[in-house]
Number of protein chains: 2
Amino acid sequence: MDRRITRNDDDASGKERPTLKTLAFMTGLGVTTVSRALKDAPEIGAETRRRVQLVAKQIGYRPNRAGVRLRTGKTNVISLVLNTEHELMSFVSDIIYGVTEVIADTPYHLIVTPYSRSQDPLDPVRYLVETGSADGVIISRTQPNDPRARYLLERGIPFATHGRTDMGLVHPYHDFDNYAFANEAVRALAGKGRNRLALVTPPLGLTYYRHTVNGFADALSEVGASEVPFNTVSIDQSIEQIRTRTAQLMQRKDRPDGFVSSAAAATLAIVAGIEDAGLKLGRDVDVVSKQSSELLHLFRRELLVVNENFRLAGFELARAVMGWIAGQEPGSLQSLSKPSEVLAYRG
Amino acid sequence: MDRRITRNDDDASGKERPTLKTLAFMTGLGVTTVSRALKDAPEIGAETRRRVQLVAKQIGYRPNRAGVRLRTGKTNVISLVLNTEHELMSFVSDIIYGVTEVIADTPYHLIVTPYSRSQDPLDPVRYLVETGSADGVIISRTQPNDPRARYLLERGIPFATHGRTDMGLVHPYHDFDNYAFANEAVRALAGKGRNRLALVTPPLGLTYYRHTVNGFADALSEVGASEVPFNTVSIDQSIEQIRTRTAQLMQRKDRPDGFVSSAAAATLAIVAGIEDAGLKLGRDVDVVSKQSSELLHLFRRELLVVNENFRLAGFELARAVMGWIAGQEPGSLQSLSKPSEVLAYRG
DNA sequence: TTGGCAACCTGTAACGTTTCAGTATATTGA
DNA sequence: TCAATATACTGAAACGTTACAGGTTGCCAA
């Protein structure tokens, strides 16, 4: 016998957001029937089904995410886990855009989960899993033996890694073929008569460090060039550090006549270092660099570049996670993107 | 096909995620009491309160977001609405990192809501509001008369804009002082004896287009320099377009001897165009450019730069939205960031 | 003694959804 | 004809939380 203002009981009008109850009232059916009709359950009559779906479309019904999530545990969320310090530069936004392309026509939302240098990279992943905040996770800065991948695999949470692991475990990934990149970069330099080459590597602990180093080393011996060790430098060091170390290197008598650089920002620093030492790009030394946007040729047209498409990476990663969520085999959701050829400045 | 084994009735052990019910069982209290105790309600005894909070911390209780959201309507979500085509480059990730700094120790999540060129910019905002997907919204590419701001204001949804509006309506914003930037840029060029200046503007419809143009124009008349019209170009055109138009401009007899550029990427194109025309930066022409990372001086040390900090923008925008959500006055949540001085290459 | 009141705690309902266990009606098989 | 069965639908319960409307104590003033 209570006269409370019960909200959505019987209004067919109202500015209130429609729920299943609203639809049930409008169609004269039960809430259960409406729910099942909307997801094409077979035990609902064909006509009823169409009728419900029509009305739902007309009044712009959208399932309440909180209701679904509470009842089913499904969040309809993909989380992109990012390192706040290292993941500098444009490529993060490219990945994000790639991901959003995939989820655009799905009920999925993308949340960005950051972590900082000081934290254990496992922290944000643990948080996501413990709070059940996402149906799928995308991680980057992948390591050969990656605790995050292992953790997610143990809990059965769908994920994809940007970069491969090397733990004998199967999971979706997308990777750029850095072995091929480094290999072809060396060949391109050799083709220009360069034979004393230095490599500016990816960060030491990451999987693609090894891929890059191996591609570099194999190509060196294949073309008969030699390496000028430059181990003190990697691409996630500061611009200033890379620059001064490069300048120092270039002042030695046994300096390299070619560089392979794994990132565009590092390349800017390398070139600055070369010029600090009074040498000239294209004459005294050549540099092959990866880039993710078409800017390096504006910087110095003598540079040789290889393009890496991060938007594609985001796209593939999202497809992989969604595929796993949808029940596809993790092993079938792996992709490797081949580098473009080494490009010189075109007119 | 239901994979849940659930039932959380009376287990004090279990791998299940703890809920209020779990806590109630463990403490011997009612669910209501536990709920109130956790939020420091005054009608709960001090000792009980501490006891509950202790147990909650011990077992790592985290409120279920779906439960809260369903019951209260509070999503604990901030949405960053981004244009997928225009918002190129690194600065998006900077904004994201700025936002995450603010929400790091709060229950808030950041979701990225994209829209593409083809869509009405109002679409994603409407979606967010209609589905109640966020407690607060951050929008960029703000226009003087911005339908999104008007819409959100009408519905009473907290938001902040990157850039100001000019509709006589009060709302939180963060903006970079582009008037001051353009003004000081002109003065710096005048200080180097340049007096025929061209401006590469922001996109035409956005508020900061006017700010920039006004700062430029006012400074011109203050220092007695003149403008070389270059209206066919703005910063969200392609690199190639800007480059070729700049080259054309520089081949005319009445070419400018100074440029003011509103974005780093455009500056690369401008310099390329200048050099295509056979002219030399620093000798024939000077360029003042905004930049959001410290890269332009590596590109050409003759460039004059002004720094714009997008991480700060993200930080301030997030603070503003959160402040509004927390009940602060929208009018008190506005900030304007002053440009650095015009910087020449430092040794 | 009684009533009033403050301090502290609790059960129930509701948010919107899906699942479980049905019910009612029509259809079929013998 | 009756029972078995298929078809189409439905109410109630549950997910975890908070708001509402109480309920018990114990203490104090009258």
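Each chain carries its own residue numbering, running from 1 in the written order of its sequence. For this description, chains carry letters from A and ligands carry numbers from 1, given in the order in which they are written. Only residues with pLDDT of at least 70 are given local features in this predicted model, and only at 80 or more are side-chain atom pairs given and counted; all residues enter the totals for whole chains, interfaces and linings. Computation of side-chain values covers all heavy atoms of the structure but excludes hydrogens and water.

## Here we look at the overall build of chain A
Here is step 1 of the chain: The helix and strand labels rest on DSSP assignments: H or I over at least four residues marks a helix, E over at least two residues marks a strand, and numbering proceeds from the N terminus. Counting secondary structure elements, chain A contains 13 helices and 11 strands.
Here is step 2 of the chain: Taken over the C-alpha trace, chain A has a radius of gyration of 27 Å; the compact-globule value for 347 residues is 20 Å, which it surpasses by more than 25%.
Here is step 3 of the chain: Dimensions of chain A, computed from C-alpha atoms along their principal axes, come out at roughly 95 × 45 × 35 Å.
Here is step 4 of the chain: Categorising residues by exposure relies on relative accessible area from a 1.4 Å probe, with only protein chains included: less than 20% of the type maximum marks a residue as buried, more than 50% marks it as exposed, and the intermediate range marks it as partly exposed. The 347 residues of chain A split such that 52% are buried.
Here is step 5 of the chain: Areas reported as accessible are Shrake-Rupley estimates using a 1.4 Å probe. Residue values count occlusion only from the protein chains shown. Counting only carbon and sulfur atoms, one obtains 50% of the accessible surface of chain A, whose full area is about 15900 Å². In this setup the radius of gyration rests on C-alpha atoms only. A globule is expected at 2.2 Å times the number of residues raised to 0.38.

## Overview of the protein's contact with DNA strand D
Here is step 1 of the chain: DNA strand D sits among 25 residues. The nearest are Gly30 and Thr33 of chain A together with Lys39, Tyr61 and Arg71 of chain B.
Here is step 2 of the chain: Definition of nearness: a residue and a molecule or strand are near each other if at least one heavy atom of the residue lies within 4 Å of the molecule or strand. The sugar and phosphate moieties of DNA strand D supply 60% of its atoms located within 4 Å of the protein.
Here is step 3 of the chain: With respect to DNA strand D, the backbone of Gly30 of chain A contributes an N or O atom lying 2.6 Å from a phosphate oxygen.
Here is step 4 of the chain: Here a phosphate oxygen of DNA strand D sits 2.7 Å away from a polar atom, N or O, in the side chain of Lys39 of chain B.
Here is step 5 of the chain: Every element with two or more residues in the surface near DNA strand D is listed here: helix H2 (31-38) and helix H4 (65-72) of chain A together with helix H2 (31-38) and helix H4 (65-72) of chain B.
Here is step 6 of the chain: When grouped by side-chain class, the residues that make up the surface near DNA strand D number eight nonpolar, 12 polar and five charged. In the analysis that follows, any N or O atom pair within 3.5 Å is treated as a polar contact, provided that within protein one partner can donate a hydrogen and the other can accept it, and provided that, for residues neighboring in sequence, both atoms belong to side chains. Here the nonpolar group is Ala, Val, Leu, Ile, Met, Phe, Trp, Tyr, Cys and Pro; Asp, Glu, Lys and Arg are the charged ones; every other residue, Gly included, is treated as polar.

## Thoughts on the pairing of strand E5 (residues 173-176) of chain B
All names here are of chain B.
Here is step 1 of the chain: Every second residue of E5 is oriented toward a common face, with Tyr173 and Asp175 on one face and His174 and Phe176 on the other, all of them buried.
Here is step 2 of the chain: Pairing of strand E4 (residues 159-162) with E5, which is carried by two bridges, proceeds in the parallel orientation. Bridge pairing in E5 places Thr161 opposite Tyr173.
Here is step 3 of the chain: Strand pairing is defined by DSSP finding a minimum of two bridges between the two strands. Examined bridge by bridge, E5 and strand E11 (residues 334-337) share four bridges and lie parallel to one another. Among the inter-strand pairings, Phe176 is bridged to a residue of E11, identified as Ser337.

## Remarks on the protein's contact with DNA strand C
Here is step 1 of the chain: Looking at DNA strand C, there are 27 residues lining it, with Lys39, Tyr61 and Arg71 of chain A together with Gly30 and Thr33 of chain B nearest.
Here is step 2 of the chain: Of everything in DNA strand C that lies within 4 Å of the protein, sugar and phosphate atoms constitute 60%.
Here is step 3 of the chain: Interatomic distance of 2.7 Å between a side-chain N/O atom of Thr48 of chain B and a phosphate oxygen of DNA strand C.
Here is step 4 of the chain: Arg71 of chain B is positioned with one of its backbone polar atoms (N or O) 3.3 Å from a base oxygen of DNA strand C.
Here is step 5 of the chain: Within the residue set of the surface near DNA strand C, elements represented by two or more residues are helix H1 (20-27), H2 and H4 of chain A together with H2 and H4 of chain B.
Here is step 6 of the chain: For the surface near DNA strand C, the leading source of residues is H4 of chain A, giving four residues.
Here is step 7 of the chain: Residue classes in the surface near DNA strand C are distributed as eight nonpolar, 13 polar and six charged.

## Brief notes about the pattern of salt bridges
Here is step 1 of the chain: The term salt bridge refers to a side-chain nitrogen of Lys or Arg lying within 4 Å of a carboxyl oxygen of Asp or Glu. Scanning the entire structure with this criterion turns up 38 salt bridges over all chains.
Here is step 2 of the chain: The partner of Arg36 of chain B in a salt bridge is Glu43 of chain B, and the shortest N-O contact between them spans 1.8 Å.
Here is step 3 of the chain: When the shortest N-O distance is used, the salt bridge between Asp236 of chain B and Arg141 of chain B registers 3.4 Å. A residue pair is termed long-range when its members are at least 10 positions apart, and Asp236 of chain B in the loop between strand E7 (226-227) and helix H10 (239-251) and Arg141 of chain B in the loop between strand E3 (136-139) and helix H7 (147-155) qualify at 95 residues.
Here is step 4 of the chain: Put simply, Arg243 and Asp276 of chain A together with Arg301 of chain B are held in one network by salt bridges that share partners.

## What about the relation of the copies chain A and chain B?
Here is step 1 of the chain: Copies overlap after least-squares fitting; the atoms used are the C-alpha atoms of residues with pLDDT of at least 70 in both. Note on the copies: chain A fits chain B at an RMSD of 0.1 Å, the axial shift is 0.0 Å, and the rotation between them is 180 degrees. Overall, the copies show the geometry of a two-fold rotation axis.
Here is step 2 of the chain: Contact between two residues is taken to exist if any of their heavy atoms lie within 4.5 Å; hydrogens are not considered. A high fraction, 95%, of the interface residues of chain A reappear at the interface in chain B, so the copies pair face to face through one surface.

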